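Residues per chain, in single letters:
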Amino acid sequence: MTEYRVVHIDNDRAFLDRSVTTLQRRPSLDVIGETSPQAGLQRLRENHGTDCLVAEFELGEMNGLELLDQVRETHPDVPFILFTGTGSEELASRAISAGVTDYLSKHDGAEQFELLANRIRNYVERYRTQQSLERENRRNKYALRAVSDVVWERDPETGKVHVSEGFSELTGYSLDDRSLSFEWWIDRIHPDDRDRIRSNFQTQLTAGQQTFSGEYRFRRADGSYIVVEDDGYVISDTDGEPRKMIGAIRDITARQERKQELERYQRVIDAVAAGVFVLNEAGEFDLVNQRLASLTGYDREELLGAPVSRIVHEDSRGEVESLHEQITPNEASALEWRLLSARGESAPAESRVTGLGDEYGSGTVWAVADMSQREQRERELQRQNERLDQFATIVSHDLRNPLSVAKGFTEMAQDTGETEHLDRVMTALDRMEAITADVLELARQGETITNPASVSLVGCCENCWEIVDTKDAHLRIECETGVRITADADRLQQLFENLVRNAIEHGGDDVTVRVGTIENRFYVEDDGVGIGESDRDDIFEAGYSTAAQGTGFGLNIVRQIATAHGWQIAVAESTSGGARFELTGVELTE
């Protein structure tokens, strides 16, 4: 419990003892009695924690008002209650004019001490509050000497605003204007910020909030605006009523301009087609553009402050970190590395890296180009080169034999005049035509399917059967007539044509071909001689054939058509012992 320390001076010993004893019974009162005014002054000087002084007017060597004068020399604010039996309106008027805190008349009865105790408590509370405010003000003044902020103080009742000495230098207004009004201040806030700041100030007073903070533009004396950051505090009395508001403003114009510059820079790099990021000295993201966020699959906020290793595949981390650490300011370098996405997928990347070093710190700037398309083009070029090598082999080898045959029998026909040799020439030419057609079809199958459509599976099979020379073969459709497949119609028909020709070439003129579907796959099978297990790994290779008149390209074309669609093809034995080709990964609908 808080104690109130009181010095009570009265030259009537009996009354003094009674008063001290009665007051001491009240909670929190600690009273010391003295009959001499000099002894009382000595107590006041020795006990720096004295909260209140109570004195009689008639004290012998001096009166109570003379005692008050001496007390005020050393304790100008301590509560002084004149508690006297010499009561008159004249004395009361003199006492109040002299500056006593209160004037009470002695009378019979214990209630006079109850009244005195209550007055002591009330005046001491006010005194302590005032002392606390003064101590706080002194601390603020000392703090002002150590900071560049401008401190202000506002009286909520009068609206008066007082500012510290730095106000003139900050705003350009003369020192004579330092005692200002709240409305004067509000009027100099930018119109776009004014209502918001006025509302914030008013909320502090009405909602009982102790602290507030805000940024706004303040008009200087020359008409220009500065951006200030304003932090404040509301000081309330014991009843919770605001007594004053104090705060400090600081000029953040340079910081705001730097922020706006960074925002403009961010907008510029967001418009760049390449991914861009800035690493600080520790190798953490300070800036990330939207393109890089799109390349990696991360939100920009997820990357800011994170280490660069988050987007670098483990195979490239050593190179990336080494370049970041070793590159010097304004030096530029290039690096090919592997980007790691939020999904854990790796992609090739190429970067132009520049070293940083200025007043804002050191680090590196990275411009990132996604090289996935280049890598894909390189793979396609490699496949194309492989096909060209394959075509060169075909032209130099597979066409050489029928060409030699045709040449030889032509010479024989010329030498002998026997035209039956020309029949062999025509057979060789037919063979060359078939090989040439297959080679051209094989070249076409290197293309990827880009615009598939919904195609009738049964209709495509029937069209194929009409085009191919099926001799005495039979076709059986073992699926619903409404089944449709997502595919390129022309190339799907070419797939069926090659599988049907393969069945007739190896199964005979009267072979039966069956076509059906099972879940997400379809099959083409026959009842011919089948394909031995030892041959199944080789039959899709270009030029491989077990038929005397086969070109060896039909099944290779089938596989390439399937691959172009994103399907997989496998060979097995059919239920009747023939060959069964099954394609999976297809999209079937009804």
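The structure this text deals with has already been given above.
Report on the accompanying structure. Only a predicted model underlies this, so the values are computations on that prediction, with no experimental measurement involved. Numbering of residues begins from 1 in every chain and follows the order in which that chain's sequence is written. The model is predicted, so local features are restricted to residues of pLDDT at least 70 and side-chain atom pairs to those at 80 or more, both for listing and for counting; the totals for chains, interfaces and linings are taken over all residues. Values shown for side chains rest on all heavy atoms present in the structure; no hydrogens or waters enter the calculation.

### A few points about the overall build of the protein
- On a plain count of helices and strands, the protein comes out with 18 helices and 24 strands.
- A fraction of 57% describes how many contacts in the protein between residues 6 or more apart in sequence connect residues 24 or more apart.
- Within the structure as shown, the protein displays about 31900 Å² of accessible surface, and the carbon and sulfur contribution to it stands at 44%. Helical segments are the DSSP runs of H or I of at least four residues, strand segments are the runs of E of at least two, and each set is numbered from the N terminus. The criterion used for residue contact is that any of the two residues' heavy atoms lie within 4.5 Å. Shrake-Rupley sampling with a 1.4 Å probe provides the accessible areas, and residues are treated as covered by the protein chains on show and by no other component.

### So, the packing of aromatic side chains
- Only Phe, Tyr and Trp rings take part, Trp by its six-membered ring, and two of them pair if their centres are within 6.5 Å. Stacked means planes under 30 degrees apart, edge-to-face means over 60, and tilted covers everything else. In the structure shown here, the tally under the stated rule is 16 aromatic pairs.
- Ring plane angle 15 degrees and centroid distance 5.5 Å describe the contact between F277 and W366, whose orientation is recorded as stacked. Of this pair, F277 sits in strand β12 (residues 275-280) while W366 sits in strand β16 (residues 361-370), and the two are 89 residues apart along the sequence. W366 shares its class with F277; the two are buried.
- Connected via pairs of aromatic rings, a cluster forms that spans F167, Y173, W184, W185 and F218.
- Two conditions define a charge sitting above a ring: the NZ of Lys or the CZ of Arg must be within 6 Å of the ring centre, and it must be within 35 degrees of the ring normal. The cationic tip of R154 hangs over the ring face of F182; the distance from NZ or CZ to the ring centre is 3.6 Å. Relative accessibility under 20% of the residue-type maximum defines a buried residue, over 50% an exposed one, and the middle range a partly exposed one, all with a 1.4 Å probe and only protein chains included.

### Some remarks on the pairing of strand β11 (residues 242-251)
- Here five bridges tie strand β6 (residues 150-154) to β11, and the two strands are oriented antiparallel to one another. Each residue of the ladder has a partner; that of W152, found in β11, is G247. Two strands pair under a simple rule: DSSP has to find at least two bridges between them.

### Structural notes on the nonpolar core
- Residues enter a nonpolar core if they are buried and are Ala, Val, Leu, Ile, Met, Phe, Trp, Tyr or Cys, with the set joined through side-chain atoms within 4.5 Å. By size, the foremost hydrophobic cluster in this structure holds 41 residues, and its most contacted members are I485, L492, L495, F496, F522, W567 and F581.
- Setting aside residues no more than four positions away along its own chain, L492 makes contact with V455, C460, I485, A487, F522 and W567.
- Of all hydrophobic cores here, the second largest spans 23 residues; its members include W185, F201, V228 and V234.

### Regarding the sheet that holds strand β4 (residues 80-84)
- In space, the five strands of this open sheet follow the order β2-β1-β3-β4-β5, with parallel pairing throughout. Edge positions in the open sheet fall to β2 (29-34) and β5 (102-105), since each of these has one partner strand only. Put simply, the sheet's adjacent strands are angled 20 degrees from each other on average, direction ignored.
- As paired elements, strand β1 (residues 4-9) and β2 share six bridges and run parallel to each other. Note that in β2 the partner of V7 across the bridge is I32. With axes taken as lines fitted to C-alpha atoms, and helix axes fitted only over the stretch in contact, angles between N-to-C directions fall between 0 and 180 degrees.

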